[in-house]
Amino acid sequence: MMIKKNLKVAVCTLIMGILLGISTAVYAATVSSDYNYYGPVKGYDYKNKSYCTTYTDIGTSGDTLVSSDDSGNIPVGYMGVQGRLYYQGGTLKAASTWEYNDSLIYGFTQSTGALSSTHGTYYYSKGKTKAYNGDGYNTYWANATPNIRYP
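Residues numbered from 1 in each chain as written. Predicted model: local features only at pLDDT ≥ 70, side-chain atom pairs only at ≥ 80, totals over all residues. Heavy atoms only, no water.

### Quick notes on the environment of I74
Along the chain, I74 turns up in the loop between β4 (59–68) and β5 (79–82). Residue class for I74 comes out buried when judged on its relative accessible area of 0%. Among all residues touching I74, those that are not within four sequence positions of it are Y44, Y46, S68, M79, N101, S103, L104, I105 and Y106. (Helix = DSSP H or I, 4+ residues; strand = E, 2+ residues; numbered from the N terminus. Buried < 20%, exposed > 50% of the residue type's maximum accessible area, 1.4 Å probe, protein only. Contact = heavy atoms within 4.5 Å.)

Here it is in structure tokens:
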């Protein structure tokens, strides 16, 4: 009976240690750009912003936010967004697929996802967004983030 109790305590302690180790070691840092404002396009004002996040032992992601600049919801299909991640020198490492709002919403983000990264290498994000103009889309670059070093 005592062995069973000690085993339970040891297993629980091991699991807690692993979970705490993962939760404290996974996230490293995030940098973001200033907002870029544009519009009106078909009566709506927009803003976009880039984010670059490094995750220890996982990788680096490039994320882009697009949203309404006037606190209102944007009609279905009017906003598009693509996350993009670059190496410090300007070479594109990855781009996400384009995503468009599929409901009446204020804004949303698209990410490249955490991609395998080289320790000591600098990365940045500079995404793209689209606004429906009544006969297609206008494309707008988000501002670039500062460079961030993968740990």
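The structure having been displayed, the exposition proceeds.
### Details of the pairing of strand β2 (residues 36–41)
Relative to strand β3 (residues 44–55), β2 runs antiparallel, the two sharing four bridges. By the bridge assignment, Y37 is partnered in β3 with K47. (Pairing = 2+ DSSP bridges.)

### Here's the deal with the nonpolar core
Residues Y38, V41, Y46, V66, I74, Y78, M79, V81, F108, A131 and Y140 constitute the largest nonpolar core, which totals 11 residues. Elements with a minimum of two residues in this core: β2 and β5. If near-sequence neighbours (up to four positions away) are discounted, V41 is found in contact with Y46, A131, Y132, N133, N138 and Y140. If you look at the next biggest cluster of nonpolar residues, it comprises six residues, including C52, Y123, I148 and Y150. (Core = buried A, V, L, I, M, F, W, Y, C linked by side-chain atoms within 4.5 Å.)

### Here we look at the sheet that holds strand β7 (residues 92–95)
Taken in spatial order, the four strands of this open sheet run β7-β6-β10-β13, and their pairing is antiparallel. Only two strands of the sheet have a single partner each, and these edge strands are β7 and β13 (148–149).

### Considerations on the packing of aromatic side chains
For the structure shown, the criterion picks out 10 aromatic pairs. An angle of 85° between the planes, with centres 5.6 Å apart, marks the rings of Y44 and Y78 as edge-to-face. In this pair, Y44 sits in strand β3 while Y78 sits in the loop between β4 and β5, placing the two residues 34 residues apart along the sequence. Overall, the relative accessible area of 24% leaves Y44 in the partly exposed class. Here Y78 falls in the buried class, since its relative accessible area comes to 15%. Plain terms: the ring middles of Y132 and Y137 are 5.5 Å apart, the flat faces sit at 65° to each other, and that makes the pair edge-to-face. Look at Y132 and you get partly exposed, because its relative accessible area is 24%. (Phe/Tyr/Trp six-rings, centres within 6.5 Å; stacked < 30°, edge-to-face > 60°.)

### Focus: the sheet that holds strand β8 (residues 99–100)
The four strands lie next to each other as β8-β5-β11-β12, forming an open sheet whose pairing is antiparallel. If you trace the sheet from one side to the other, it starts and ends with β8 and β12 (137–141), each paired once.

### What about the pairing of β3?
Where β2 folds back onto β3 in an antiparallel hairpin, the turn is made up of two residues, including K42, whose phi is positive at roughly 50°. The sheet contact formed by β3 and β4 spans 10 bridges and is antiparallel. Bridging across to β4, K49 finds its partner in L65. Connecting β3 to the next strand, β4, in antiparallel fashion are three residues, including D57 with a positive phi near 60°.

### What to know about the environment of E99
Within the secondary structure, E99 is located in strand β8. As a C-alpha pair, E99 and G83 span 16 residues in sequence and 9.5 Å in three-dimensional space. When near neighbours in sequence (up to four residues on either side) are disregarded, E99 contacts M79, G80, V81, F108 and Q110. Side-chain polar atoms of E99 contact the side chain of T97, separated by 3.4 Å. (Polar contact = N/O pair within 3.5 Å; in protein donor to acceptor, adjacent residues only side chain to side chain.)

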